[in-house]
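Reading the structure
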Amino acid sequence: VVIMLVGFGLYAVIGLRRSMVELAVLRAMGLSRYQIGWMLAVDAGLVGGMGLGFGIGIGTWVGRWVLGYLGLTSQGRPVTPPMVLGLNQGLLLLTVVGTIVATSAAVLLAYRMAARLPVHEALRMEE
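These numbers come from a predicted model, not from an experiment. (Residues numbered from 1 in each chain as written. Predicted model: local features only at pLDDT ≥ 70, side-chain atom pairs only at ≥ 80, totals over all residues. Heavy atoms only, no water.)

Here we take up the overall build of the protein. Looking only at helices and strands, the protein features 5 helices and 0 strands. Compactness check: the protein gives a C-alpha radius of gyration of 22 Å against a globular reference of 14 Å for 127 residues, more than 25% above the reference. Referenced to the eigenvectors of the C-alpha coordinate spread, the extents of the protein come out at roughly 70 × 30 × 20 Å. The buried share of the protein, reckoned over its 127 residues, is 19%. Considering only intrachain contacts with a sequence separation of at least 6, the fraction spanning at least 24 residues in the protein is 77%. Of the roughly 9,200 Å² of accessible surface on the protein, a fraction of 69% belongs to carbon and sulfur atoms. Within the protein, the 5 negative side-chain charges are centred at a point lying 16 Å from the centre of the 9 positive side-chain charges. (Helix = DSSP H or I, 4+ residues; strand = E, 2+ residues; numbered from the N terminus. Rg over C-alpha atoms; globule rule 2.2 N^0.38 Å. Buried < 20%, exposed > 50% of the residue type's maximum accessible area, 1.4 Å probe, protein only. Contact = heavy atoms within 4.5 Å. Areas by Shrake-Rupley, 256 points an atom, 1.4 Å probe, with all protein chains shown as cover. Lys, Arg positive; Asp, Glu negative; His and termini not counted. Charge placed at Lys NZ, Arg CZ, Asp CG, Glu CD.)

Following this line, the structure appears as structure tokens:
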């Protein structure tokens, strides 16, 4: 969870630093801080959700593929008793909750930074 917090926090800060001018232009066009906050939340939610979904899907597929070879003897016969693959539901739930917490913390950090963004200074930085 700590690693996810650091990773999502760095992603939010670096992404916000790169897009300071774009956010300043959006503020100058009339978007409220609330709308910018929602934009940041949707971005972080998509990144976190897609990462979690792809990670679980690809991890399950690769795990079954690779661990399937452990159920064979050196002659290629199935072992007795057969190997049963299992999934620890508690660890999966902890991973999902940790991702939600890390994504929420990253959104709050990015929102606080975006709310303090002085529009006039951000637009001048591009010059």
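Our focus in this paragraph is the packing of aromatic side chains. Under the counting rule described, the total for this entry stands at 2 aromatic pairs. On the basis of an interplanar angle of 80 degrees and a centroid distance of 6.4 Å, the ring pair of Tyr 34 and Trp 38 is categorised as edge-to-face. Separated by 4 residues within a single helix, Tyr 34 and Trp 38 lie in helix H3 (residues 33–67), roughly one turn from each other. Relative to Trp 65, the ring of Trp 61 has its centre 6.0 Å away and its plane inclined at 10 degrees; by these criteria the two rings are stacked. With Trp 61 and Trp 65 both in helix H3, this residue pair falls 4 residues apart, about one helical turn. (Phe/Tyr/Trp six-rings, centres within 6.5 Å; stacked < 30°, edge-to-face > 60°.)

Here helix H1 (residues 2–18) contains 17 residues, and its C-alpha end-to-end distance of 24 Å stays within 8% of the 24 Å for a straight helix at 1.5 Å per residue. Of all the residues in H1, the buried ones are Phe 8, Gly 9, Ala 12 and Leu 16. Angularly, the buried residues of H1 cover 105 degrees about the axis, an arc narrow enough to put them on a single face. Of the exposed residues in H1, those oriented more than 90 degrees away from the buried face are Ile 3, Arg 17 and Arg 18. Where the residues of H1 are buried, they touch helix H2 (20–28), H3 and helix H4 (89–115). (Expected span 1.5 Å × (residues − 1). Arc of directions from axis to C-beta.)

Side chains that are nonpolar tend, in soluble globular proteins, to be buried together. Core analysis: the biggest nonpolar cluster contains 13 residues, and Leu 23, Ile 36, Leu 40, Ala 114 and Leu 117 have the highest contact counts within it. Sequence-distant contacts of Ile 36, defined by excluding residues within four places in its chain, comprise Leu 23, Arg 27, Leu 31 and Ala 114. (Core = buried A, V, L, I, M, F, W, Y, C linked by side-chain atoms within 4.5 Å.)

The next thing to look at is the confidence of the model for the protein. In the predicted model, the protein carries a mean pLDDT of 82, and 95% of its residues have values of at least 70. For the protein, the element scoring lowest by mean pLDDT is helix H5 (residues 119–125), at 68; H3 scores highest, at 86. (pLDDT = per-residue confidence, 0-100.)

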